[in-house]
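Listed here are the chains, written in short residue letters.
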Amino acid sequence: MNSGRALLVGDFGNHYMIVFETASLLKRAGFAVDLVTNNPVSRKLTSIDHFVFVDNADDLPRVALERSRETTYDLISIMDDFALMGIVRSNLSDEEKLALLPVVAPMDIRHIGSKIGLSMVLQQAGVRTPKFAVAHDKTELNEKIEEVGFPAFVKIDFSGAGDGTFECNSRTELDAVGNDIHIWPVLVQEKIEGYEVDLSAFYQNAELVFFSYS
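Residues numbered from 1 in each chain as written. Predicted model: local features only at pLDDT ≥ 70, side-chain atom pairs only at ≥ 80, totals over all residues. Heavy atoms only, no water.

A. Layout of the sheet that holds strand S4 (residues 75–78). Spatial strand order, S3-S2-S1-S4: 4 strands in an open sheet with parallel pairing. Sheet topology places strand S3 (50–53) and S4 at the edges, where each strand pairs with a single neighbour. Averaged over all adjacent pairs, the angle separating strand axes in this sheet is 15°, with direction ignored. Alignment of strand S2 (residues 31–37) against S3, held across 4 bridges, turns out to be parallel. Directly across from Asp34, in S3, lies its bridge partner His50. (Pairing = 2+ DSSP bridges. Helix = DSSP H or I, 4+ residues; strand = E, 2+ residues; numbered from the N terminus. Axes fitted to C-alpha atoms, helices over the stretch in contact; angles between N-to-C directions.)

B. Here's a closer look at helix H6 (residues 138–148). All buried positions along H6 are accounted for by Leu141, Lys144, Ile145 and Val148. The buried residues of H6 occupy an angular sector of 115° when the element is viewed end-on, so they sit on one face. Residues Thr139 and Glu146 are exposed on H6 and point more than 90 degrees away from its buried face. Packing partners of the buried residues in H6 comprise strand S5 (132–135), strand S6 (152–156), helix H7 (171–180) and strand S8 (186–190). (Buried < 20%, exposed > 50% of the residue type's maximum accessible area, 1.4 Å probe, protein only. Arc of directions from axis to C-beta. Contact = heavy atoms within 4.5 Å.)

C. Up close: a nonpolar patch on the surface. On the surface, Tyr195, Val197, Leu199, Tyr203, Leu208, Phe211 and Tyr213 cluster together into a nonpolar patch covering about 930 Å² of accessible area. Counting residues per element, the ones that place at least two in the nonpolar patch are strand S9 (199–204) and strand S10 (207–213). When residues of the nonpolar patch are assigned to their parent elements, the largest contribution, 3 residues, is made by S10. Tracing the sequence through the fold places Leu199 in strand S9. (Patch = residues over 30% accessible without salt bridge, like charges linked within 9 Å, V, L, I, M, F, W, Y side chains within 5 Å. Areas by Shrake-Rupley, 256 points an atom, 1.4 Å probe, with all protein chains shown as cover. Salt bridge = Lys/Arg side-chain N within 4 Å of Asp/Glu carboxyl O.)

D. Geometry of the nonpolar core. The biggest cluster of nonpolar side chains holds 21 residues, and the ones touching the most others in it are Val9, Val36, Ile78, Leu100, Leu101 and Ile112. Those elements that provide at least two residues to this core are strand S1 (4–10), helix H2 (60–70) and helix H3 (81–88). Among residues more than four places away in sequence, those in contact with Leu100 are Pro61, Ala64, Leu65, Ser68, Ile76, Ile78, Ile87 and Leu92. Among the nonpolar cores identified, the runner-up in size contains 14 residues, and Ala135, Ile145, Val154 and Ile181 belong to it. (Core = buried A, V, L, I, M, F, W, Y, C linked by side-chain atoms within 4.5 Å.)

E. Structural context of the environment of Leu118. When you line up the elements, Leu118 lands in helix H5 (residues 115–124). According to the relative accessible area criterion, Leu118 is partly exposed, its value standing at 41%. Note: C-alpha distance between Leu118 and Arg128 (10 residues apart in sequence) is 12 Å.

Here you go:
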């Protein structure tokens, strides 16, 4: 007997194991699991109850929205950064995006997948965050470093696993980074010393369900 129904949405690339592990976990918890993806490898997953294959990744947001309207889901999970950004940048209305995204208000959409947006949201909420600035080209990058100072990080706005993050300790290093960057704007962020901690939380319907600290 199912205790709920979950919809998983994602591209996954070569990381389809994440959907295998998540779907298996949900099945053990008693969920029926549906999947919308453009990754044909996922067809092999025996833990998926209903598989919807999308030829074009650009169609994932629309197909996922249609699926969410056809079926009542207790949980909708967007499984990777590219699928998240595909929804954020799609031509869906804000209301339609909110039906899929893990936020509850249109103003919250801006920080999804965006280092710049996250820094701005934290600052506006009064949460202490390293000094930062936004540069839209190499000229502005050289100007903004005056506000932030060295050492600093220059970060591509949308990237993961440390990709697109550059540490700069001098003008020479900053110039080299500026020459290599082809995607603007970027976040220019003060480097601070301290401990690395992980805060992970799971919310559903804006209510905290579980969190961990390490």
